[in-house]
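# Working through the structure, step by step
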Amino acid sequence: AAAHVLERLGPFTTEKGGLLEVEQVCFKEGRANLIIKYPGASDKSIAFVGSHMDVVPANPETWERDPFTLTVEGNNLYGRGTTDCLGHVALVTEMMVALAQ
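Residues numbered from 1 in each chain as written. Predicted model: local features only at pLDDT ≥ 70, side-chain atom pairs only at ≥ 80, totals over all residues. Heavy atoms only, no water.

### Some remarks on the overall build of the protein
Scanning the protein from N- to C-terminus turns up 2 helices and 4 strands. N-terminal to C-terminal, the α/β element order of the protein is α-β-β-β-β-α. The C-alpha extent of the protein, read off along each of the three principal axes, is 50 × 30 × 25 Å. Counting all 101 residues of the protein, 21% fall into the buried class. Taking as baseline every contact in the protein between residues at least 6 positions apart, the subset at least 24 positions apart corresponds to 44%. (Helix = DSSP H or I, 4+ residues; strand = E, 2+ residues; numbered from the N terminus. Buried < 20%, exposed > 50% of the residue type's maximum accessible area, 1.4 Å probe, protein only. Contact = heavy atoms within 4.5 Å.)

### Observations concerning the pairing of strand 1 (residues 21-26)
Alignment of strand 1 against strand 2 (residues 32-37), held across 6 bridges, turns out to be antiparallel. Note on strand 2: the bridge partner recorded for Cys26 is Ala32. Between strand 1 and strand 2, which pair antiparallel and follow one another directly, the connecting turn spans 5 residues, one of which, Gly30, has a positive phi of 85°. (Pairing = 2+ DSSP bridges.)

### Side note on the environment of Val89
Residue placement: Val89 occurs in helix 2 (residues 86-100). The buried category is assigned to Val89, whose relative accessible area is 9%. In this structure the C-alpha to C-alpha distance between Val89 and Ser51, which are 38 residues apart in sequence, comes to 6.3 Å. Among all residues touching Val89, those that are not within four sequence positions of it are Val5, Ser51, His52 and Met53.

### Some details on the nonpolar core
Within the largest apolar cluster, 14 residues are counted, with the highest numbers of intra-cluster contacts made by Val5, Leu9, Leu20 and Met53. Mapped onto this core, the elements with two or more residues apiece are helix 1 (2-9), strand 2 and helix 2. When residues of this core are assigned to their parent elements, the largest contribution, 5 residues, is made by helix 2. The residues touching Leu9, leaving out its near neighbours within four places in the chain, are Leu20, Val22, Ile36, Thr93, Met96 and Val97. (Core = buried A, V, L, I, M, F, W, Y, C linked by side-chain atoms within 4.5 Å.)

### Quick word on the environment of Gly50
Counting through the fold element by element, Gly50 comes out in the loop between strand 2 and strand 3 (71-73). C-alpha of Gly50 to C-alpha of Leu34: the two residues are 16 residues apart in sequence and 10.0 Å apart in space.

### Side note on the side chain of Thr13
Its location among the elements puts Thr13 in the loop between helix 1 and strand 1. Relative accessible area serves as the criterion here: at 8%, Thr13 is assigned to the buried category. Excluding residues that lie within four positions of it along the chain, Thr13 makes contacts with Gly18, Leu20 and Val22.

### So, the environment of Ile46
Relative to the assigned elements, Ile46 resides in the loop between strand 2 and strand 3. Considering only alpha carbons, one finds Ile46 and Cys26, 20 residues apart in sequence, at a separation of 24 Å.

### Observations concerning helix 2
Its 15 residues place the ends of helix 2 21 Å apart at the C-alpha level, agreeing with the 21 Å of an ideal helix rising 1.5 Å per residue. All of the buried residues along helix 2 are Val89, Val92, Thr93, Met96, Val97 and Ala100. Angular distribution of buried residues about the axis of helix 2 spans 140°; they occupy a single face of the element. In helix 2, the exposed positions that point more than 90 degrees away from the buried face belong to Gly87, Leu91 and Ala98. (Expected span 1.5 Å × (residues − 1). Arc of directions from axis to C-beta.)

Take a look at the structure:
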């Protein structure tokens, strides 16, 4: 996910003459996160929008249902990633693109 976000934001980074300062941080190999800074109206402007892109391993033996199969029970969804943040990552990415334009 980080590579896709970096590609999408690439044209708007300070390295390319844009407004976004983008830093990739990786605390564990293969599980990168990004810090994206957009300039505020003053040096006192601050906001934080957070999400995560990494997925931790799932051991099917510790789940009540198969984590790799979507299970629908009434209004509930069960399965790995059913309440994950990747939709939010996409939204934040497009928000940053819109701000940078």
